[in-house]
Amino acid sequence: MLTINEIFYSIQGESTRAGRPCVFVRLTGCDLRCSWCDTAYAFHEGHKQSVDEVVAAVERHGCPLVEITGGEPLLQEDVYDLMNRLLEAGRTVMLETGGHRPIDRVPAAVVKIVDVKCPGSDEARKTCWENLERLAPHDEVKFVIRDRTDYEFARDVVARYQLDDRCAAVLLSPVHGELDPKTLSEWVLSDRMPARLQLQLHKYIWSPSTRGV
Ligand code: SF4
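Residues numbered from 1 in each chain as written. Predicted model: local features only at pLDDT ≥ 70, side-chain atom pairs only at ≥ 80, totals over all residues. Heavy atoms only, no water.

1. With respect to the sheet that holds strand β8 (residues 169–174)
Point 1. If you trace the nine strands from one edge of the open sheet to the other, you get β3-β1-β2-β4-β5-β6-β7-β8-β9, paired in mixed fashion. Either end of the sheet is taken by a strand with one partner, and the two such strands are β3 (47–49) and β9 (196–197).
Point 2. Taken together, the six bridges between strand β7 (residues 140–145) and β8 define a ladder with parallel strand orientation. Bridge pairing links Glu140 to Ala169 in β8.
Point 3. Across the sheet, helix α2 (residues 79–88) lies against β1 (2–11), β2 (21–27), β4 (65–69) and β5 (92–97), angled at about 175 degrees from β4, the strand it touches most.
Point 4. Set on the sheet, helix α3 (residues 148–160) makes contact with β7 and β8; between it and β7 the angle comes to about 160 degrees. (Pairing = 2+ DSSP bridges. Helix = DSSP H or I, 4+ residues; strand = E, 2+ residues; numbered from the N terminus. Contact = heavy atoms within 4.5 Å. Axes fitted to C-alpha atoms, helices over the stretch in contact; angles between N-to-C directions.)

2. Overview of the packing of aromatic side chains
Point 1. Summed over all chains, the structure comprises four aromatic pairs.
Point 2. Considering the side-chain rings of Trp129 and Phe153, the 6.4 Å spacing of their centres and the 55 degrees angle between planes classify their relative orientation as tilted. You can see Trp129 sitting in the loop between β6 (111–115) and β7 and its partner Phe153 sitting in helix α3, a full 24 residues away along the chain.
Point 3. When the ring of Tyr151 is compared with that of Trp187, the centres are 5.4 Å apart and the planes differ by 40 degrees; the resulting orientation is tilted. (Phe/Tyr/Trp six-rings, centres within 6.5 Å; stacked < 30°, edge-to-face > 60°.)

3. Quick notes on a nonpolar patch on the surface
Point 1. A cluster of nonpolar residues, Leu197, Leu199 and Tyr204, forms a patch on the protein surface that exposes about 260 Å² of accessible area.
Point 2. Structurally, the position occupied by Leu197 is in strand β9. (Patch = residues over 30% accessible without salt bridge, like charges linked within 9 Å, V, L, I, M, F, W, Y side chains within 5 Å. Areas by Shrake-Rupley, 256 points an atom, 1.4 Å probe, with all protein chains shown as cover. Salt bridge = Lys/Arg side-chain N within 4 Å of Asp/Glu carboxyl O.)

4. Quick look at the pairing of β4
Along a regular strand, successive side chains alternate from one face of the sheet to the other.
Point 1. Among the five residues of β4, five are classified as buried, and the element is accordingly described as predominantly covered.
Point 2. Along β4, one buried face is formed by Leu65, Glu67 and Thr69 and the opposite face, lined by Val66 and Ile68, is buried too.
Point 3. Alignment of β2 against β4, held across four bridges, turns out to be parallel. Note on β4: the bridge partner recorded for Phe24 is Glu67. (Buried < 20%, exposed > 50% of the residue type's maximum accessible area, 1.4 Å probe, protein only.)

5. Examining the side chain of Lys112
Point 1. Within the element layout of this structure, Lys112 appears in strand β6.
Point 2. We classify Lys112 as buried; its relative accessible area is 4%.
Point 3. A distance of 2.8 Å separates polar atoms of two side chains, one belonging to Lys112 and the other to Asp139.
Point 4. Excluding its chain neighbours within four sequence positions, the residues that come into contact with Lys112 are Leu95, Ile103, Val106, Arg134, Ala136, Asp139 and Glu140. (Polar contact = N/O pair within 3.5 Å; in protein donor to acceptor, adjacent residues only side chain to side chain.)

The following block contains the structure:
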């Protein structure tokens, strides 16, 4: 069984697949408390569903792209069965993880979007650094940037782990409403940073607090 916060069909707002229709499966529960977290409602709210029921709910949307997110989806053991079942059903499966749980048991075909928490999140010390050695070429690494300190931290991690060579994209996402995307753009351009600025598209299409989008 899984504890599911919500399953919905929307526009992918982040990653290199931003803009594409996608079914989102949000799992309940997280063992981090990032200072800028925008999904705190997923910490506790949820209902039990079997893997079969979740797969059926995803299939009803008839969409080839699925993202499993949270909360922290790797906290629930049955998420591995869910990923395998969705792959067997022919879906492209993305997994968004906070980066503090090992990703070594995630099926190889799953596209992992792995966060590296910056100091401004107040959770940087929890990072599982081994994950950066386990990235597949199709994976992506995301830094949420609150300020210049976070940016310099991200820049150093990208260089130390040569992340632009290890994975499909390094994503830099400014904290919505706190760091002006123009400022982050200027830093990226000035440093010729091998990264991709991303805005959370769904927060511009709908209001930043709208759920289920
Ligand atoms: S890992 Fe994600 S869900 Fe958990 S506190 Fe951080 S932003 Fe929120």
